[in-house]
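The primary structure of each chain is shown beneath.
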Amino acid sequence: MLARKDQESKGQKLPIQFEEKVQKLLIENYKSQFDGSLYTFEVHGFSYPNEVVMTASLVNIQDELLAPTTYHVSANLNENIKMDQLLNDLVDSMGIFFDNYFSTSDWNDFQAGWEEIKYKKLTLFYKVTRENISASLYADQILEQDQ
């Protein structure tokens, strides 16, 4: 589970079209920063009754054993939140992270625990890991089938 909060139910996957749009945006914005024949971005997102979580991973497409750099970002949901604007702000925070990541040649500031940041008027939570989200989601599917 990718949620920051303890959740009683499985999250709803964000629309694949949205994830693909964000993925294309990241690839386009950072194509001069990485070798597109070696790396790409993978984006995943889930909504829960009280939270939205998104991840963006820079993954090596030629060697799946190399650990990706994965930025996780989460925000609380409530009835006053406009989902479209919230998702845009989460995507903006991905851009801020990857701007920093690519501007530092020896970047190595992984954060296994959730950290709080303020962005605009929002409180966001982020962490940066080496987790392969696609592999984690696949493992979750296998475990669900065995139950």
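Above this text sits the structure in question.
The present account deals with the structure reproduced in this document. In this text the structure is predicted, and so the values were computed from the model without any measurement.

1. Some words on the packing of helix α1 (residues 16-30) against helix α2 (residues 83-103)
Reasoning step 1: Their axes nearest at 11 Å, the elements α1 and α2 cross at an angle of 30 degrees. Accordingly, the angle class assigned to the pair α1 and α2 is roughly parallel. Note on packing geometry: the crossing formed by α1 with α2 is right-handed. Of the residues in α2, those in contact with F18, V22, L25, L26 and Y30 of α1 are L87, V91, M94, G95, F98, D99 and F102.
Reasoning step 2: Residue classes in the contact of α1 with α2 are distributed as 10 nonpolar, one polar and one charged.

2. Here's the deal with α1
Reasoning step 1: With 15 residues, α1 ought to run about 21 Å at 1.5 Å a step, and its terminal C-alpha atoms sit 21 Å apart, in line with that.
Reasoning step 2: Taken together, the buried positions of α1 are occupied by F18, E19, V22, L26 and Y30. Buried positions in α1, seen along its axis, are confined to an arc of 100 degrees and lie on one side of it. Residues of α1 that are exposed and point more than 90 degrees away from the buried face comprise Q17, K21 and K24.
Reasoning step 3: Check the buried side of α1 and you find it contacts β1 (12-13), β2 (39-48), β3 (51-60) and α2.

3. Here's the deal with the pairing of strand β4 (residues 69-76)
Reasoning step 1: Of all eight residues that make up β4, seven are buried, and the element is covered over most of its length.
Reasoning step 2: Bridging between β3 and β4 involves eight bridges; their strand directions are antiparallel. For T55, the partnering residue across the bridge sits in β4 and is H72.
Reasoning step 3: Here six bridges tie β4 to strand β6 (residues 122-129), and the two strands are oriented antiparallel to one another. Note on β6: the bridge partner recorded for Y71 is V128.

Reading the values: the criteria
- Residues numbered from 1 in each chain as written.
- Predicted model: local features only at pLDDT ≥ 70, side-chain atom pairs only at ≥ 80, totals over all residues.
- Heavy atoms only, no water.
- Axes fitted to C-alpha atoms, helices over the stretch in contact; angles between N-to-C directions.
- Helix = DSSP H or I, 4+ residues; strand = E, 2+ residues; numbered from the N terminus.
- Parallel < 35°, antiparallel > 145°, perpendicular 65-115°, else oblique.
- Left-handed = near helix turned anticlockwise from the far one by under 90°.
- Contact = heavy atoms within 4.5 Å.
- Nonpolar A, V, L, I, M, F, W, Y, C, P; charged D, E, K, R; others polar.
- Expected span 1.5 Å × (residues − 1).
- Buried < 20%, exposed > 50% of the residue type's maximum accessible area, 1.4 Å probe, protein only.
- Arc of directions from axis to C-beta.
- Pairing = 2+ DSSP bridges.

Geometry only, nothing functional implied.
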